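The chain contents come next:
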Amino acid sequence: MSPRSNLQPVADFPTYCDRVPTATPSAPNFEVMLFNSEEQSDVVFLVGEEPDVWRFPCHLRVLSSMSPVFHSLPIYDLRSSSKVVLTVTDIKPYAFENLLRFLYTKEVTLPSVEAALHTLYAAHKFIVSELSALCFRFLSYNIREENVLLVFQYMMRNVVTSTHSEMTNLQDEVMTKCFNLLDKHAETILQSEDFLNLDNTTVYDIVSRDTLHLSSERAVFNALLSWACQECKRQRQEITPENKRRVLGQLLYCVRYLVMTLEEFAQGPAASGVLNEQEVFAIITNFSGDTCFQIFDQELGKRMSVKRQDRNIPSSSISSPFPLSSNDFIKISRKDCSKSKTKSVTKKMCRCLGIFIIYLFQLID
């Protein structure tokens, strides 16, 4: 049974056997004959979650020779006629079938990127390195703009530390292609339906990048607002500015507000209701050239005015292939103004708010 997928068909990729030199036809080996056979099977796997659970008859002597995980599974008493029944709920049935087919026949068929990701998970779980390598090669060959978020989220959740240099190189190749596509097609990807279904950590890994190709920073803010609306639905919360702010958390401060024009800020973030009055005021004061009130500390505050794709970013602040986790955000803070300032804070507040109000009236007119 083919897996359901909302992705477009991808190009065919050679199976393991396609890359093996053609040999003189001969009788199938013993393992191939045992695949999907009840004969001599000594263990049964029930794979999947109700109501989609498949039954697989297997032979431990075949599986244990290919995987250390299978080798450690319990073997039933040879004096008994009963078979061991093992349940696996975290693997898709078709992915487990791909795993078994490879272990028995050295062949695998990957009809889509989604199927390759589920098969890769099964290969990682049972430590079948050859199959993992095939899945990585398939992904590297078939990553496109329309499926990059699916691959990227899986890779960020399931990157495996390997002692094999080939496996590490394959993972790095897939990740590099993901980052290149995310940067190049950022505007389209941020507006896609798939972006709305990402978890907050993956969203941060994307919107915190310095190398996104964007026509306007407002695209990031609009994408985060749309994601927050969807997240409110998932959490069964009312779709209000307060709840959007709550689900966004510190994602709200990944937006480079000072890169926007005053018009973009006034029509978007300032009018959205997700920024509080103090934050709006602090940003407006920075627009007017007064840096007395800062939203971030000195290190992260610099990034608010850094344009995406700015190649002159200091090396210490360039986003790495694996960005910081959400725990690395810095809380909003207000720094004391220097005593050498000649104008009082009250006058500055009135001046900045006056500028902002006048600008809003101009927009209305």
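The model shown is predicted, which means the values in this text are computed figures rather than measured ones.

## Considerations on the overall build of the protein chain
Each helix and strand in the protein chain was counted, giving 18 helices and 3 strands. Looking at the 365 residues of the protein chain, the share that counts as buried comes to 43%. Once local pairs closer than 6 in sequence are excluded, the contacts in the protein chain between residues at least 24 apart make up 72%. When the accessible surface of the protein chain is summed, it comes to about 20100 Å², and 52% of that surface belongs to carbon and sulfur atoms.

## Some details on the nonpolar core
Membership of the largest hydrophobic core comes to 94 residues, with the highest contact counts inside it found for Phe45, Phe96, Leu99, Val151, Phe195, Val207 and Tyr257. The element that contributes the greatest number of residues to this core is helix H12 (residues 218-234), accounting for 9 residues. In this structure, phenylalanine 45 is in contact with Trp54, Arg55, Phe56, Cys58, Leu63, Phe70, Leu73, Leu86, Val88 and Phe96, ignoring residues within four places of it in sequence.

## Regarding the sheet that holds strand S2 (residues 52-58)
Hydrogen bonds between backbone groups are what pair the strands of a sheet, and the pairing can be parallel or antiparallel. Strand order in the open sheet made by the 3 strands is S2-S1-S3, with mixed pairing throughout. A strand with exactly one partner marks an edge of an open sheet, and here the two such strands are S2 and strand S3 (84-88). Between one strand and the next, the sheet's axes are offset by a mean angle of 20°, whatever the strand orientation. The sheet contact formed by strand S1 (residues 43-49) and S2 spans 7 bridges and is antiparallel. Looking across to S2, one finds that glycine 48 is bridged to valine 53. Against the sheet, helix H4 (residues 93-105) engages S1 and S2, with an angle of about 15° to S2.

## Comments concerning the pattern of salt bridges
Under the definition given, this model contains 10 salt bridges. Here glutamate 166 ties to arginine 137 by a salt bridge, and the two come within 2.3 Å at their closest N and O atoms. Linking glutamate 166 in helix H8 (residues 165-184) with arginine 137 in helix H6 (residues 129-142), this pair joins segments that are 29 residues apart in sequence. Take arginine 137: its relative accessible area is 28%, and that puts it in the partly exposed class. Of the charged contacts, one joins lysine 177 and glutamate 173 as a salt bridge, the two residues approaching to 4.0 Å between their closest N and O atoms. Of this pair, lysine 177 and glutamate 173 both sit in helix H8, 4 residues apart, which is roughly one turn of that helix. Taking the relative accessible area as the measure of exposure, glutamate 173 reaches 36% and is therefore partly exposed.

## Let's talk about the confidence of the model for the protein chain
Model confidence for the protein chain is summarised by a mean pLDDT of 76, while 69% of its residues fall at 70 or above. The secondary-structure element of the protein chain with the lowest mean pLDDT is helix H17 (residues 298-301), recorded at 51, while H12 shows the highest, at 96. The low-confidence segment residues 1-27, where pLDDT is below 50, has 40 contacts with residues more than four positions distant or belonging to other chains. Scored below 50 in pLDDT, residues 310-348 shows 55 contacts in the model against residues more than four places distant or in partner chains.

## Quick word on the packing of aromatic side chains
Taken as a whole and judged by the stated rule, the model has 9 aromatic pairs. An angle of 65° between the planes, with centres 6.3 Å apart, marks the rings of phenylalanine 221 and tyrosine 257 as edge-to-face. Of the two residues, phenylalanine 221 is situated in helix H12 and tyrosine 257 in the loop between helix H13 (241-248) and helix H14 (262-267); the sequence distance between them amounts to 36 residues. Accessibility expressed as a relative area gives 1% for tyrosine 257, which makes it buried. Grouped by ring-pair contacts, the aromatic residues Phe45, Trp54, Phe56, Phe70, Phe96 and Phe126 constitute a single cluster.

Calculation criteria
Here the residue numbers are simple positions, counted from 1 along each chain's written sequence. Only residues with pLDDT of 70 or above have their local features reported here, since the model is predicted, and side-chain atom pairs are shown and tallied only from 80 upward, although totals for entire chains, interfaces and linings are computed over all residues. As a rule here, side-chain values cover all heavy atoms of the structure and leave hydrogens and water aside. The secondary structure listing takes helices from DSSP runs of H or I that are at least 4 residues long and strands from runs of E that are at least 2 residues long, numbered from the N terminus. Accessible area is worked out with a 1.4 Å probe on protein chains only. A residue is then buried under 20% of its type maximum, exposed over 50%, and partly exposed in between. Whether two residues are in contact is decided by their heavy atoms, any of which lying within 4.5 Å being enough. Only the protein chains shown count as covering a residue, and every accessible area follows the Shrake-Rupley method with a 1.4 Å probe. Within this scheme, the nonpolar core is defined by two criteria: the residues are buried Ala, Val, Leu, Ile, Met, Phe, Trp, Tyr or Cys, and they are joined through side-chain atoms within 4.5 Å. Paired strands, in this sense, are two strands between which DSSP finds at least two bridges. Axes here mean lines fitted to C-alpha atoms, for a helix over just the part in contact, with angles spanning 0 to 180 degrees between N-to-C directions. When a carboxyl oxygen of Asp or Glu lies within 4 Å of a side-chain nitrogen of Lys or Arg, that pair is called a salt bridge. pLDDT expresses, on a scale from 0 to 100, how confident the predictor is about each individual residue. Stacked, tilted and edge-to-face are the three classes assigned to paired rings of Phe, Tyr and Trp, where Trp is represented by its six-membered ring and a pair needs centres within 6.5 Å; plane angles under 30 degrees give stacked, over 60 edge-to-face, the rest tilted.

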